[in-house]
Amino acid sequence: MTAWHLVALLHSLIDHWVHDPLDADQGRYALSSTRWSIAALIVFTPTFLILNRRVVRATKADPGKRRSGVRKWFGYVTLFLASLSLLGDLMAVIYALLSGDLSVRFILKALVVAGVAGAIFFYFRQEDDGRSDAA
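From a predicted model like this one, the values you see are computed outputs, not experimental measurements. (Residues numbered from 1 in each chain as written. Predicted model: local features only at pLDDT ≥ 70, side-chain atom pairs only at ≥ 80, totals over all residues. Heavy atoms only, no water.)

K.L.:
Tell me what's going on with the confidence of the model for the protein chain, and back it up with residues and numbers.
P.N.:
With 88% of its residues at a pLDDT of at least 70, the protein chain reaches an overall mean of 87. When mean pLDDT is taken per element in the protein chain, helix H3 (residues 69-99) scores highest with 93 and helix H2 (residues 26-61) scores lowest with 87. (pLDDT = per-residue confidence, 0-100. Helix = DSSP H or I, 4+ residues; strand = E, 2+ residues; numbered from the N terminus.)

Below, the structure is given as structure tokens:
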């Protein structure tokens, strides 16, 4: 939820900062989408950070918890989804380039998706390697 709404919020901000002259009805939807994403981030970001902090502390106290099947399964699924997001983002950029639709707005949105998916990928890859020092 946090990653999804972070991307949605950043896309709304890009829409606000880099106007599309062909999109006349952008204002009302963008404002509603921005509000919804901010509300979701206010709820889910602290929840994620608190739960993640507890998990990191628990695995530091008992390293055996790092070998949990559910934990590994969740980590691998997350790595898989982040990889798909990065590959899909790259595919969309190449398609836009080949079709002549590559714009500053599109590039900024693609960078947002790549940045968030890349951060998730590297965080969970670090977790999988057992090197997490997050607190």
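K.L.:
Kindly report on the environment of His5, identifying the contributing residues and their values.
P.N.:
Tracing the backbone shows His5 in helix H1 (residues 2-17). A residue is classified by how much of its surface remains accessible, and His5, at 7% relative accessible area, is buried. Considered as a pair, His5 and Ala39 are 34 residues apart in the sequence and their alpha carbons are 9.1 Å apart. His5 has contacts with Trp36, Ser37, Ala40 and Leu41, leaving out every residue within four places of it along the chain. (Buried < 20%, exposed > 50% of the residue type's maximum accessible area, 1.4 Å probe, protein only. Contact = heavy atoms within 4.5 Å.)

K.L.:
Lay out the environment of Val104 in plain terms, naming residues and giving numbers.
P.N.:
Looking at the secondary structure, you find Val104 in helix H4 (residues 104-129). For Val104, a relative accessible area of 56% translates into the label exposed. On a C-alpha basis, the gap between Val104 and Val18 in space is 8.0 Å, while along the polypeptide they are 86 residues apart.

K.L.:
Quick rundown of the side chain of Ser37? Include the residues and the values.
P.N.:
Locating Ser37 in the fold gives a position in helix H2. If near-sequence neighbours (up to four positions away) are discounted, Ser37 is found in contact with His5, Ala8 and Leu9.

K.L.:
Could you give an account of the packing of aromatic side chains, naming the residues involved and the relevant values?
P.N.:
One pass over the full model with this rule turns up 3 aromatic pairs. A centroid spacing of 5.8 Å and a plane angle of 75 degrees characterise the contact between Phe74 and Phe124, whose relative ring orientation is edge-to-face. Within this pair, whereas Phe74 is found in helix H3, its partner Phe124 is found in helix H4, the two being separated by 50 residues in sequence. Taking relative accessible area as the criterion, Phe74 reaches 47% and is therefore assigned partly exposed. Taking the centre distance of 5.6 Å and the plane angle of 85 degrees together, the rings of Phe121 and Phe122 count as edge-to-face. We classify Phe122 as exposed; its relative accessible area is 59%. In this structure an aromatic cluster arises from ring pairing among Phe74, Tyr123 and Phe124. (Phe/Tyr/Trp six-rings, centres within 6.5 Å; stacked < 30°, edge-to-face > 60°.)

K.L.:
I'd like a description of H3, backed by residues and values.
P.N.:
For H3, with 31 residues, the first-to-last C-alpha span of 44 Å sits near the 45 Å given by 1.5 Å per residue. Every buried residue of H3 is accounted for by Gly75, Thr78, Leu79, Ala82, Asp89 and Ala96. Two residues or fewer after H3 comes Gly100, characterised by a positive phi angle close to 80 degrees. (Expected span 1.5 Å × (residues − 1).)

K.L.:
Describe the pattern of salt bridges, and please don't skip the residues or the numbers.
P.N.:
Counted by the stated rule, this structure contains 2 salt bridges. The partner of Arg105 in a salt bridge is Asp15, with the nearest N and O atoms 2.6 Å apart. Of this pair, Arg105 sits in helix H4 while Asp15 is found in helix H1, placing the two residues 90 residues apart along the sequence. The salt bridge partner of Asp15 is Lys109, with a shortest N-O separation of 2.7 Å. Of this pair, Asp15 sits in helix H1 while Lys109 sits in helix H4, and the two are 94 residues apart along the sequence. Through salt bridges with shared partners, a single network forms among Asp15, Arg105 and Lys109. (Salt bridge = Lys/Arg side-chain N within 4 Å of Asp/Glu carboxyl O.)

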